[in-house]
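Close look at the chain arrangement
Listed here are the chains, written in short residue letters.
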Amino acid sequence: MEPVAYLAAALSGALVGLLLTVFGGGGSVLATPLLLYFVGVRDPHVAIGTSAAAVAVNAAMGLASQARAGRVKWPCATVFGLAGLAGSLTGAHLAKQMDGGQLMLWFALAMALIGGSMLLPKKNAGDPAVRLTPSLVLKLAPAGLVTGLAAGFFGIGGGFLIVPGLMAATGMTLAHAAASSLVSVTLFGAATSASYAASGLVDWPVFAALVAGGAVGAVAGAPIAKRLAGRADVARRIFALMVVAVAGYVAWRAMGGL
């Protein structure tokens with residue numbers, strides 16, 4: 001790749017990091033389209049594998065911050081994440097067997113669902129003192145397995161599935177679910193990228209540029225998030241519509257390549 005491509009990758013990472021900081025999720029789904037249509041990565045499998053690795057690193061950094069704040073429900077998050085590991089590896093294996101154009105059509109569908117989920121009203125009601133019990137394990141493990149499968153197949157963090165999954169299974173609050181979801185996002189991203197890396201489908205220089213740009217974007221996004229605090233719902237809806245629009249573009253490009 002040309003040197004300018006790595007600059008484009010850093011800018012893409014900065015945009016994703018900024019969006020993740022401002023909106024608290026959903027931004028990472030733009031990483032793969034940016035790698036394909038802005039950076040110039042030609043193989044959709046390489047774009048997915050590389051973005052999954054970057055998502056894992058970004059989630060790990062966010063997890064460290066949330067853990068220091070004491071918002072992570074570690075027992076519940078660990079059961080959900082470990083159950084999803086097998087699913088994420090299975091999903092990644094299935095995706096690697098699929099034609100790149102067809103895979104991007106499915107990816108576009110996932111983007112549309114993510115954008116749609118961001119338009120739904122968020123409820124923060126829940127039990128902030130939830131504790132792991134045997135009955136909760138029976139709910140968390142299947143939910144984690146299915147979510148991991150989707151995250152591995154699409155090479156995304158899967159937070160849009162993990163957060164409601166944790167809330168439905170345990171009754172925890174939105175704030176605790178969002179923080180705890182980062183355990184699974186980190187594990188799923190690491191497992192997915194490891195699977196792709198084993199097949200030679202991760203571009204490590206582009207990954208490094210994405211992560212470096214993401215760190216800058218996260219810092220730049222902090223003051224923006226504070227300014228938008230009073231208009232967070234409106235800004236989130238605008239961003240969700242943008243994700244849906246990008247999904248349409250990805251589908252159009254994928255159909256043109258079939």
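Keep in mind that what you see is a predicted model, and the values were worked out from it rather than measured.

Quick word on the overall build of the protein
For the protein, the count of helices and strands is 10 helices and 0 strands. Across the protein, helices and strands are ordered from the amino to the carboxyl terminus as α-α-α-α-α-α-α-α-α-α. Residue pairs in contact within the protein that sit at least 24 positions apart in sequence constitute 84% of those at least 6 positions apart. Here the protein has roughly 11600 Å² of accessible surface; of this, 70% comes from carbon and sulfur atoms.

Topic: the nonpolar core
With 46 residues, the main nonpolar core has Val 29, Leu 30, Leu 35, Val 39, Phe 107, Met 111 and Tyr 196 as its most contacted residues. Per element, the largest residue contribution to this core is 8 residues, and it comes from helix 5 (residues 100-119). With 23 residues, the next largest nonpolar core counts Val 130, Ile 162, Met 167 and Ala 169 among its residues.

Section: the packing of aromatic side chains
Applying the stated criterion across every chain, the model contains 4 aromatic pairs. The interplanar angle of 85° and the centroid separation of 5.4 Å between the aromatic rings of Tyr 37 and Tyr 249 together place this pair among those described as edge-to-face. On the criterion of sequence distance, the pair formed by Tyr 37 in helix 2 (residues 31-39) and Tyr 249 in helix 10 (residues 232-257) is long-range, its members being 212 residues apart. For Tyr 37, a relative accessible area of 26% puts it in the partly exposed group. Where Trp 204 meets Phe 207, the ring centres are 5.3 Å apart and the plane angle is 90°; that geometry is what we call edge-to-face. Pair noted here: Trp 204 and Phe 207 are both in helix 9 (residues 204-227), with a separation of 3 residues, about one helical turn. Chaining the aromatic ring pairs together yields one cluster made of Tyr 37, Tyr 249 and Trp 252.

Quick notes on helix 3 (residues 44-68)
Here helix 3 is 25 residues long and its end C-alpha atoms lie 36 Å apart, about the 36 Å a rise of 1.5 Å per residue gives. For helix 3, the side-chain oxygen to backbone nitrogen distance between the N-cap and His 45 is 2.9 Å, and the N-cap itself is Asp 43. Directly beyond the C-terminal end of helix 3, a positive phi value near 75° is found at Gly 70.

So, the side chain of Ser 193
Within the secondary structure, Ser 193 is located in helix 8 (residues 174-198). Apart from residues lying up to four places away in sequence, Ser 193 is in contact with Gly 49, Ala 52, Ala 53 and Val 202.

Overview of the packing of helix 2 against helix 3
Axes are the key here: two packed helices are described by the angle between their axes and the distance separating the axes. Where helix 2 contacts helix 3, the axes come no closer than 8 Å and their chain directions differ by 135°. Regarding the angle of helix 2 to helix 3, the classification is oblique. Of the two elements, helix 2 crosses helix 3, and the hand of that crossing is right-handed. Contact residues: Ala 31, Thr 32, Leu 35 and Leu 36 in helix 2; Pro 44, Ala 47, Ile 48, Thr 50 and Ser 51 in helix 3. Taken together, the residues that form the contact of helix 2 with helix 3 break down as 6 nonpolar, 3 polar and no charged.

A closer look at the confidence of the model for the protein
Of all residues in the protein, 95% attain a pLDDT of 70 or more, and the chain-wide mean is 87. When the elements of the protein are averaged for pLDDT, helix 7 (residues 159-170) gives the smallest value, 83, and helix 4 (residues 74-96) the largest, 95.

As for a nonpolar patch on the surface
A contiguous nonpolar patch, built from Val 4, Leu 7, Leu 11 and Phe 38 and spanning about 410 Å² of accessible area, is present on the exposed surface. Within the secondary structure, Val 4 is located in helix 1 (residues 3-23). Owing to a relative accessible area of 57%, Val 4 belongs among the exposed residues under this scheme.

Section: the environment of Tyr 6
Relative to the helices and strands, Tyr 6 is located in helix 1. Judged by relative accessible area, Tyr 6 falls into the partly exposed class, the value being 28%. In sequence terms Tyr 6 and Pro 205 are 199 residues apart; their C-alpha atoms lie 7.6 Å from each other. For Tyr 6, the residues in contact, after removing those within four places along its chain, are Met 1, Pro 205, Val 206 and Ala 209.

What to know about the packing of helix 4 against helix 8
Two elements in contact, helix 4 and helix 8, have axes whose closest approach is 8 Å; the angle formed by their N-to-C orientations is 25°. It follows that helix 4 is roughly parallel to helix 8 by the angle criterion. Our pair here, helix 4 against helix 8, has a crossing hand that is right-handed. Split by residue class, the contact of helix 4 with helix 8 holds 13 nonpolar, 8 polar and 1 charged.

What counts and how
- Residues numbered from 1 in each chain as written.
- Predicted model: local features only at pLDDT ≥ 70, side-chain atom pairs only at ≥ 80, totals over all residues.
- Heavy atoms only, no water.
- Helix = DSSP H or I, 4+ residues; strand = E, 2+ residues; numbered from the N terminus.
- Contact = heavy atoms within 4.5 Å.
- Areas by Shrake-Rupley, 256 points an atom, 1.4 Å probe, with all protein chains shown as cover.
- Core = buried A, V, L, I, M, F, W, Y, C linked by side-chain atoms within 4.5 Å.
- Buried < 20%, exposed > 50% of the residue type's maximum accessible area, 1.4 Å probe, protein only.
- Phe/Tyr/Trp six-rings, centres within 6.5 Å; stacked < 30°, edge-to-face > 60°.
- Expected span 1.5 Å × (residues − 1).
- Polar contact = N/O pair within 3.5 Å; in protein donor to acceptor, adjacent residues only side chain to side chain.
- Axes fitted to C-alpha atoms, helices over the stretch in contact; angles between N-to-C directions.
- Parallel < 35°, antiparallel > 145°, perpendicular 65-115°, else oblique.
- Left-handed = near helix turned anticlockwise from the far one by under 90°.
- Nonpolar A, V, L, I, M, F, W, Y, C, P; charged D, E, K, R; others polar.
- pLDDT = per-residue confidence, 0-100.
- Patch = residues over 30% accessible without salt bridge, like charges linked within 9 Å, V, L, I, M, F, W, Y side chains within 5 Å.
- Salt bridge = Lys/Arg side-chain N within 4 Å of Asp/Glu carboxyl O.

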